[in-house]
Amino acid sequence: MPTVKEILDSMDYGPAPEAAGEVTAWLAERGPFGHFIDGSFTAPDDTFATDNPATGDTLAQISQGSAQDVELAVKAARKAAPKWAGLAGHERAKYLYAIARHIQKRARFLAVLEVLDNGKPIREARDIDVPLAIRHFYHHAGWAELLADEFPGHTPHGVCGQIIPWNFPLLMLAWKIAPALAAGNTVVLKPAEYTPLTALAFAEICAEVGLPKGVVNIVTGDGATGAALVESDVDKIAFTGSTDVGRTIRRATAGTQKALTLELGGKSPFIVFPDADLDAAVEGVVDAIWFNQGEVCCAGSRILVSEAVARDFTDRLTTRLGKLRVGDPLDKCTDLGAIVHPTQLARIRELVSAGEAAGATLIQPETQMPAKGCYFAPGLLIGAEPANPASTEEIFGPVATLTTFRTPAEAVQLANNTRYGLSASIWSENITLALDIAAQVKAGVVWINCTNQFDAAAGFGGMRESGFGREGGREGMAAYLRAPEVKSKPEAPASDFKAMPSPATPASSGIDRTPKLYIGGKQTRPDSGHSYTITAKGRELGLAPLGSRKDIRNAVEAAHKAGAWGKQTGHNRAQVLYYIAENLAARQAEFEAHLKDAGHDPKEAAATVARAFYYAAWADKFDGAVKSTQSAKVTLAMHEPWGVMGVACPDASPLLGFASMVLPAIAMGNRVVAVPAQSMPLLATELYQVFDTSDLPRGVVNIVTGPRNELAKTLAQHDDVAAMWYCGDADGRKMVACESAGNLKATWTLENRDWMNAQGRDFLRHATQIKTIWVPYGE
């Protein structure tokens, strides 16, 4: 044993292992494990091993869930759903409160169990994962109590299928189950194949608190079990995991009417400006990429440093890197534990090698690694170009790239040079600069002078291919609720296309007018050079331009050029919408005549004027929120426009339906490529002059007429379209959801409805996404 003098000379940490005897005894007593279905554990069947990644030793045998097991769990959840949803919010709140209390009572046990199964350091499981899981159940007990007041008319989805990853097993379980139960849903949860043990321990807690049978069901297994859950008779899927699997789930759920939230991968920027507190930023990197061995979806894996301080910062970071301790996860002195599984370790090695082969230099400390287990030393890849695989692919390990920039504009360009958009961390003592960059980065969560801050009251989720939907806070609760049902109204089939008018079409007695497409503020002929015949009541009313894929492409480009619209104040956008209403009112009699001639209700004209006024009123009133999260932080929830949206309008109500879908989108700052009513697009083409005389900037609204489903498919497939709304037939709704999987754009697919009464916050909510910004507040 070293003397006190020797310890003071070396300043080495002595071993401080956490005892695991209680957990290993529990595993020996309880294992092998079956599934938790309808309030009790099933007999173990078709088992596989879950191992301790730090040692390779087997911890327990786990049952491989089959499609039949999933079906039994879903049936149990379905049976329990009416009674659970029918409980008063106060009664559900008591159950969630009891779960939180019981997790607290078993906090140390759960932390050790998590460490053994996952490999993360005990400090992180003990001080972060378990307390946050408890916080989520307490927080959502409050939402259960307040649900009727805060979400009037909303109802639970029913049975929720939930699939969670292996990096934060207990915490992800809490993120999913707590809001689902608070909202009145029942749950079938599939934990990750590598880390099922805390979910099974949580099942015991559910039984301990007397949670009604079938409300929570847990089925263990691999990806095949998850696929069976996605295909099962559930009402909602909530998935956290890889982008590739999320894309598969998006396609699998298309057309099923299952609600869907996806929290997927990330390649998050960590931006250090020259005026940053460099020592604080270095510690920020430790928390951003070496926390949880870098196995974090929002890890700051792309460090972007101002050229002015790059050498100083890199020296400090390299020095700090050399002091990180890799070793036994149960040792309280360990900074980095074990990688979760040999498969993941092999992937980390493969991507790091690819990064080196592409020109980056790996810096790693000379750390003594444990003799056995899945370990990888923390590292930095210096000189990684933006196209380097290590800069583009999610490594999901303790390695970050480091790249320099010269100007704030270049920093933003580099930060957004990714298909992901989960999070960003910005370091600067200039709060004006930091908030300016926060507004420009494409990320669902932004941390200023901090990183990896989480709280149950703050929404968490991504943009782009990092998924859609939020977990936590009001927005997370909304994801587990159905808005008040809107009665659908059958839509007559769209008329067949005629390439040219029949010979019987009478010539106009006045000057011939040729409707055109409206792209970038200009009336343009379709690229195809073709038109199609518009008929009503057996009469041919004229020709409409036949838009094509290339016209959609041109319209999307024009919409992107109008990006300044999203930066306008709500007041300025409101003035334009009021002006549109004013000019529509001046031509109301004309539109009424057109509607009557086309066989539609002339009252649509006055309703369209009112709709423009309505969304003008909302343009500066759909506010964000300040969340009650942590001391010394202000957590902002900002409503941001998607950017460029595709909108395929209903065939019914050709004027009012168009206005009801386009106006809320532009009121929130989006730019729109709209496909008007296929059978009667001429009313939308009459709006060109209204837009031109209402100070609407070019490219904010673009109109492409033609076959709705064909054009909607092109919009859904387009990688530069951020969100897609579609109103139409069931085949079209399924197609849009399926084709959107390419870039995982958010979609809102609607059945036709009574458009005279179709307005409200639901349109505004679907026209925006939440960006959560954490700002220092106080010392």
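Residues numbered from 1 in each chain as written. Predicted model: local features only at pLDDT ≥ 70, side-chain atom pairs only at ≥ 80, totals over all residues. Heavy atoms only, no water.

S.K.: If you had to explain the overall build of the chain to someone new, which residues and values would you point to?
M.R.: Assigned secondary structure in the chain consists of 27 helices and 31 strands. What you see for the chain is a C-alpha radius of gyration of 28 Å, in line with the 28 Å of a compact globule of 779 residues. Along the first, second and third principal axes, the C-alpha set of the chain runs to 105 × 65 × 45 Å. Across the 779 residues that make up the chain, the buried fraction comes to 58%. (Helix = DSSP H or I, 4+ residues; strand = E, 2+ residues; numbered from the N terminus. Rg over C-alpha atoms; globule rule 2.2 N^0.38 Å. Buried < 20%, exposed > 50% of the residue type's maximum accessible area, 1.4 Å probe, protein only.)

S.K.: Which residues make up empty space enclosed by the protein, and what values go with them?
M.R.: Any space left empty among the atoms is revealed by the rolling of a water-sized probe across them. Summed over all chains, the structure comprises six cavities of 30 Å³ or more. Computed from the structure, the largest cavity encloses a volume of approximately 90 Å³. Lining of the largest cavity is provided by Arg302, Leu304, Ala384, Glu385, Pro386, Ser391, Thr392, Thr401, Thr403, Leu414 and Asn417. Of all the secondary structure elements, the ones that give two or more residues to the lining of the largest cavity are β12 (302-306), α14 (389-392) and β15 (399-405). For the lining of the largest cavity, a count of residues per class yields four nonpolar, five polar and two charged. (1 Å grid on protein atoms, 1.4 Å probe; cavity = no way out; pocket = protein on both sides within 12 Å on 5 of 7 lines; lining within 4 Å. Points joined across faces, edges and corners; volume = space filled by probe spheres on them. Nonpolar A, V, L, I, M, F, W, Y, C, P; charged D, E, K, R; others polar.)

S.K.: Break down the packing of helix α20 (residues 588-597) against helix α21 (residues 603-618) for me, with residues and values.
M.R.: Helix-helix packing: each pair is described by the crossing angle between the helix axes and the interaxial distance. Interhelical geometry of α20 versus α21 gives an angle of 135° and a closest axis separation of 7 Å. Viewed along their axes, α20 and α21 adopt a mutual orientation that is oblique. Where α20 abuts α21, its residues Gln588, Phe591, Glu592 and Leu595 lie against Glu604, Ala605, Ala606 and Val609. Looking at the contact of α20 with α21 residue by residue, the class counts come to five nonpolar, one polar and two charged. (Axes fitted to C-alpha atoms, helices over the stretch in contact; angles between N-to-C directions. Parallel < 35°, antiparallel > 145°, perpendicular 65-115°, else oblique. Contact = heavy atoms within 4.5 Å.)

S.K.: Account for the environment of Asn452, with residues named and values stated.
M.R.: Structurally, Asn452 is set in the loop between β17 (445-448) and β18 (467-468). Judged by relative accessible area, Asn452 falls into the buried class, the value being 10%. Between the C-alpha atoms of Asn452 and Trp748, which are 296 residues apart in sequence, the distance is 30 Å. Not counting chain neighbours up to four residues away, the residues in contact with Asn452 comprise Asp287, Ala288, Phe291, Val296, Cys298 and Trp447. There is a polar contact of 2.8 Å between the side chain of Asn452 and the backbone oxygen of Asp287. (Polar contact = N/O pair within 3.5 Å; in protein donor to acceptor, adjacent residues only side chain to side chain.)

S.K.: Report on the packing of aromatic side chains, specifying residues and quantitative values.
M.R.: Applying the stated criterion across every chain yields a total of 24 aromatic pairs. A centroid spacing of 5.6 Å and a plane angle of 25° characterise the contact between Phe137 and Phe202, whose relative ring orientation is stacked. Here Phe137, found in helix α6 (residues 122-150), pairs with Phe202, found in helix α8 (residues 197-208); they are 65 residues apart in sequence, far enough to count as distant. Residue Phe137 is classed as buried on the basis of its relative accessible area of 0%. The interplanar angle of 85° and the centroid separation of 5.4 Å between the aromatic rings of Trp166 and Phe396 together place this pair among those described as edge-to-face. (Phe/Tyr/Trp six-rings, centres within 6.5 Å; stacked < 30°, edge-to-face > 60°.)

S.K.: Just give me the short version of the pairing of strand β14 (residues 379-382), but keep the residues and values in it.
M.R.: Summarising the sheet, strand β13 (residues 361-363) and β14 pair through three bridges and their orientation is antiparallel. By the bridge assignment for β14, Leu362 is matched with Leu381. Judged from the four bridges that link them, β14 and β15 form a sheet pairing that is parallel. Residue pairing in the sheet places Gly379 in a bridge with Val399 of β15. (Pairing = 2+ DSSP bridges.)

S.K.: Go over the confidence of the model for the chain, please, and point to the residues and values.
M.R.: Counting all residues, the mean pLDDT for the chain is 94, and 97% of those residues have values of 70 or more. The low-confidence segment residues 501-507, where pLDDT is below 50, has five contacts with residues more than four positions distant or belonging to other chains. (pLDDT = per-residue confidence, 0-100.)

S.K.: An account of the environment of Val721 is needed here, citing residue identities and associated values.
M.R.: Relative to the helices and strands, Val721 resides in the loop between α25 (708-717) and β29 (723-727). On the basis of relative accessible area, Val721 is assigned to the buried category, the value being 1%. With 588 residues separating them along the chain, Val721 and Ala133 place their C-alpha atoms 36 Å apart. Look past the residues within four positions of Val721 in its chain and what remains in contact with it is Val556, Val644, Met645, Gly646, Leu715, Asn743 and Lys745.

S.K.: Can you break down the domain arrangement of the chain residue by residue, with the values?
M.R.: Here the chain is partitioned into domain 1 (21-264 + 478-482), domain 2 (268-447) and domain 3 (519-775). On a C-alpha basis, the centres of domain 1 and domain 3 stand 39 Å from each other. Each partner contributes to the interface: domain 1 provides eleven residues, whereas domain 3 provides ten residues. Summed over both sides, the interface of domain 1 with domain 3 buries roughly 810 Å², with 60% coming from carbon and sulfur. Counting the contacts that link domain 1 with domain 3 gives zero salt bridges. At the junction of domain 1 and domain 3, the tally comes to three residue pairs in polar contact (both at pLDDT 80 or more). The class makeup of the residues in the side of domain 1 that touches domain 3 is three nonpolar, four polar and four charged. (Domains from an automatic or database assignment. Buried area = accessible area lost by both parts, 1.4 Å probe. Salt bridge = Lys/Arg side-chain N within 4 Å of Asp/Glu carboxyl O.)

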